[in-house]
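If you want the building blocks of each chain, they are given just below.
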Amino acid sequence: MTPDGNLTPALNPDATADAVVVEQGVEPAPSAKNQAGRAVREVVETLLLAALIFFLVRLVVLNFRVDGESMLPNLDDGQMLLVNRNAYQYFDVGGNRYYPFDPPERGDVVVFDPPTGSDKPYIKRIIGLPGEEVTFGDGNVFIDGEVLPEDYIQDRTRCGARSDNCDVVVPEGYVYVLGDHRSNSSDSRVFGPVPVENVVGKAWLSYWPVDDVGFVPHESYTDAEEPAAASALPAP
């Protein structure tokens, strides 16, 4: 038997080292199971992020649909709005209210829970502020005896002579609201002043229909003394 019969062929040391280096530098191809797991994880992360964004947005704004014609000609039936739910947040310190933003102002369009037992929120315009006397005469609204100029409405304002809400001093913590369509609106002339706690938020932005996209205008009353039923349905 020759010595060569018991020996394995000798390998080039350099070639072996090269082979090892190449093998260590190659990553195994991901399996179908790993790819599926990664896709599921990405979907879950996306959904969680979307849910978080939705939750944070809902902390600030709500969307509502105008249901009815009591805000014509300025808001149409079916118009979609974003409502700032934090507009009138306040702190009660020693019986005094402190608003970090702005308190309710005359001319603001607000969504609120009416003191009528209705399960639908209403949308109206703030006309009278706390401490003010609201009266009616000659088709006009009077604030502390002064005519309130309202060039944004089309009909005259009437209030039933037998109503207890036609001559009112607005209590502290309340607002007096009217619909812009004065001849077709259930408002404070019917149910009286509304507690600020009942206000869901201030109408901020109209986003549908496309022709009405824009900020909901705040009416100002330069000639009036300043010291501030259509329903609004949550959009599906």
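Residues numbered from 1 in each chain as written. Predicted model: local features only at pLDDT ≥ 70, side-chain atom pairs only at ≥ 80, totals over all residues. Heavy atoms only, no water.

## Let's talk about the overall build of the protein
Note the following rule: Under the DSSP-based scheme used, a helix requires at least four consecutive residues in state H or I and a strand at least two consecutive residues in state E, with every element numbered from the N terminus. For the exposure calls, accessible area comes from a 1.4 Å probe over protein chains only, and a residue counts as buried if that area is under 20% of its type's maximum, exposed if over 50%, partly exposed in between.
Helices and strands together make up the secondary structure of the protein, namely three helices and 15 strands. Across the 236 residues in the protein, those meeting the buried criterion constitute 36%.

## Quick look at the nonpolar core
Cut-off, in case you're wondering: Residues belong to a common nonpolar core when they are buried Ala, Val, Leu, Ile, Met, Phe, Trp, Tyr or Cys residues joined through side-chain atoms within 4.5 Å. Residue contacts are defined here by distance: any two heavy atoms, one from each residue, within 4.5 Å place the two residues in contact.
Membership of the largest hydrophobic core comes to 14 residues, with the highest contact counts inside it found for Ile127, Val134, Phe136, Val141 and Tyr176. The contacts of valine 134, once residues within four sequence positions are left out, are Gly128, Val141, Phe142, Ile143, Cys166, Asp167, Val168, Val170 and Tyr176. Tyr122, Val177, Phe191 and Val199 belong to the second-largest nonpolar core, a separate cluster that totals 13 residues.

## Description of the pattern of salt bridges
Counted only if it meets this: What counts as a salt bridge is simple: a side-chain nitrogen of Lys or Arg found within 4 Å of a carboxyl oxygen of Asp or Glu.
Tallied over the entire structure, the rule returns seven salt bridges. Across the salt bridge formed by arginine 97 and glutamate 197, the nearest N and O atoms sit 2.5 Å from each other. With arginine 97 in strand E4 (residues 96-98) and glutamate 197 in the loop between strand E12 (194-195) and strand E13 (199-208), this pair connects stretches of sequence that are 100 residues apart. A salt bridge links arginine 106 to glutamate 132, with the shortest nitrogen-to-oxygen separation between them at 2.9 Å. Pair noted here: arginine 106 is in the loop between E4 and strand E5 (109-112) and glutamate 132 is in the loop between strand E6 (122-128) and strand E7 (133-137), with a separation of 26 residues, a long-range link. The class for arginine 106 is buried, based on a relative accessible area of 1%.

## As for the state of the cysteines
Rules: Two cysteine sulfurs form what is called a disulfide whenever their separation falls within 2.5 Å.
Following the criterion strictly, the structure yields one disulfide and no others. Between the sulfur atoms of cysteine 159 and its disulfide mate cysteine 166 the distance is 1.8 Å. Taking the torsion about the S-S bond as the criterion, the cysteine 159 to cysteine 166 disulfide, at about -90°, is left-handed.

## With respect to the side chain of serine 206
Rules: In protein, a polar contact means a hydrogen-donor-capable atom and an acceptor-capable atom, both N or O and within 3.5 Å, with residues adjacent in sequence counting only if both atoms are side-chain atoms; elsewhere, any N or O pair within 3.5 Å suffices.
Locating serine 206 in the fold gives a position in strand E13. Side-chain polar atoms of serine 206 contact the backbone oxygen of aspartate 212, separated by 3.0 Å. When neighbours within four sequence positions are excluded, serine 206 is seen to be in contact with Gln79, Met80, Leu81, Asp212, Val213, Gly214 and Val216.

## Topic: the pairing of E6
Our working rule: In this description, strands pair whenever DSSP reports at least two bridges between them.
Within E6, seven of the seven residues are buried, which leaves the element mostly enclosed by the surrounding structure. Relative to E6, E5 runs antiparallel, the two sharing four bridges. Within the sheet, the bridge partner assigned to valine 109 lies in E6 and is arginine 125. Bridge analysis of E6 against strand E11 (residues 174-178) gives three bridges, and the strand direction is antiparallel. Opposite glycine 128, over in E11, you have tyrosine 176 as the bridge partner.

## As for the pairing of strand E8 (residues 140-143)
In the sheet, E7 pairs with E8 via four bridges, with the strands oriented antiparallel. The residue bridging glycine 137 from the neighbouring strand is asparagine 140, located in E8. Counting the residues in the hairpin turn of E7 and E8 gives two residues, including aspartate 138, whose phi is positive at 55°. Where E8 meets strand E9 (residues 146-147), two bridges bridge the pair, whose relative direction is antiparallel.

## A few points about the environment of glycine 160
Position of glycine 160 relative to the elements: it lies in the loop between E9 and strand E10 (167-169). Under the relative-accessibility criterion, glycine 160 is labelled partly exposed at 43%. The sequence separation of glycine 160 and phenylalanine 136 amounts to 24 residues, and the corresponding C-alpha distance is 9.5 Å.

## A short note on the sheet that holds E8
Strand order in the open sheet formed by four strands is E9-E8-E7-E10, and the pairing between neighbours is antiparallel. Unpaired on one side and paired on the other, E9 and E10 mark the two borders of the sheet.

## Quick look at a nonpolar patch on the surface
How we decide: Only residues whose relative accessible area exceeds 30% and that form no salt bridge enter a patch; like-charged residues are grouped when within 9 Å of one another, and nonpolar side chains (Val, Leu, Ile, Met, Phe, Trp, Tyr) when within 5 Å. Surface accessibility follows the Shrake-Rupley procedure with a 1.4 Å probe radius. Residue values consider only the protein chains on display as shielding.
A cluster of nonpolar residues, Tyr207, Trp208, Val210 and Val213, forms a patch on the protein surface that exposes about 410 Å² of accessible area. Examined against the element boundaries, valine 213 turns out to sit in the loop between E13 and strand E14 (214-215).

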